[in-house]
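Inside the fold
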Amino acid sequence: RLAINAGSALEGDDQSAVAHFLEHMLFNGTEKYEKNDIIELLQQGGVEFGADINAYTSYDETVYQLTVDSDSETDVAEFAFGLDILHQWLTAATLTESDVASERGVVLDEYRTRELTADGRVFSELEAIYLGGTDYEDRPPIGTSDAISGMTSAVLRRFYDDWYRPDNAAVIVVGDINVDEVEQQIEELFGDVVARGVHAITARGGEV
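Residues numbered from 1 in each chain as written. Predicted model: local features only at pLDDT ≥ 70, side-chain atom pairs only at ≥ 80, totals over all residues. Heavy atoms only, no water.

**Points about the packing of aromatic side chains**
Scanning the entire structure with this criterion turns up seven aromatic pairs. Considering the side-chain rings of Tyr33 and Phe81, the 5.5 Å spacing of their centres and the 75° angle between planes classify their relative orientation as edge-to-face. Of the two residues, Tyr33 sits in the loop between α1 (18-25) and α2 (37-44) while Phe81 sits in helix α3 (residues 73-91), which places them 48 residues apart along the sequence. Each member of the pair, Tyr33 as well as Phe81, is classed as buried. Measuring from centroid to centroid gives 5.2 Å for Tyr64 and Trp89, while their planes differ by 40°, and the two rings are tilted. Of this pair, Tyr64 sits in strand β3 (residues 62-66) while Trp89 sits in helix α3, and the two are 25 residues apart along the sequence. Among the residues examined, Trp89 registers a relative accessible area of 0% and is labelled buried. (Phe/Tyr/Trp six-rings, centres within 6.5 Å; stacked < 30°, edge-to-face > 60°. Helix = DSSP H or I, 4+ residues; strand = E, 2+ residues; numbered from the N terminus. Buried < 20%, exposed > 50% of the residue type's maximum accessible area, 1.4 Å probe, protein only.)

**Focus on the sheet that holds β3**
Spatial ordering of the open sheet is given by β2-β3-β1-β4, a layout of four strands whose pairing is antiparallel. The open sheet terminates on both sides in strands that have one partner only, identified here as β2 (53-57) and β4 (169-171). Going across the sheet, the axis of each strand differs from the next one's by a mean of 10°, ignoring polarity. Here five bridges tie β2 to β3, and the two strands are oriented antiparallel to one another. Looking at the pairing, Tyr56 lines up with Val63 of β3. Across the sheet, α1 is in contact with β2 and β3; its angle to β2 comes to roughly 170°. (Pairing = 2+ DSSP bridges. Axes fitted to C-alpha atoms, helices over the stretch in contact; angles between N-to-C directions. Contact = heavy atoms within 4.5 Å.)

So this is what it looks like as structure tokens:
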């Protein structure tokens, strides 16, 4: 798992839907893995999208989930590949405007399925009652249809750079593993990750 301590509650006034939309975008490519390469490469190793590779966004967090094998020699390489994907998601999202345009329809379909059904409308009304006056008010993870339709790579990039940073993320590995070896792998791969965005000054000890 790659857990980011940021969800829709941390969106700015002009950032409705951005946390969830960004979750979708990380499956659309990184600097190392082009559009859909991540899913295709994992599927070649027997990983199924949905069952073994998925993600979710809530008010408070965004979590990316991978399930890979780690028993045989081949599986060890697959496990290292899984960690590399997590590293790319944290540090190297491409977020191109063309990919944003392509993903709008997918996110809008999810919005309609989640929000415009009878159950969705009831849930929205209950949320308004329980969350009114809190930091979660008017910050549903799915956002609004207008915000989704108007999403841009610049808005996504700002949220990504602000919150996808090492002091705001955790890598979680659970399974039949050698803990010391996995910890060393994580330290070697993620040890040089630096903050970006408005939090970079604090995270880098004053260096921008």
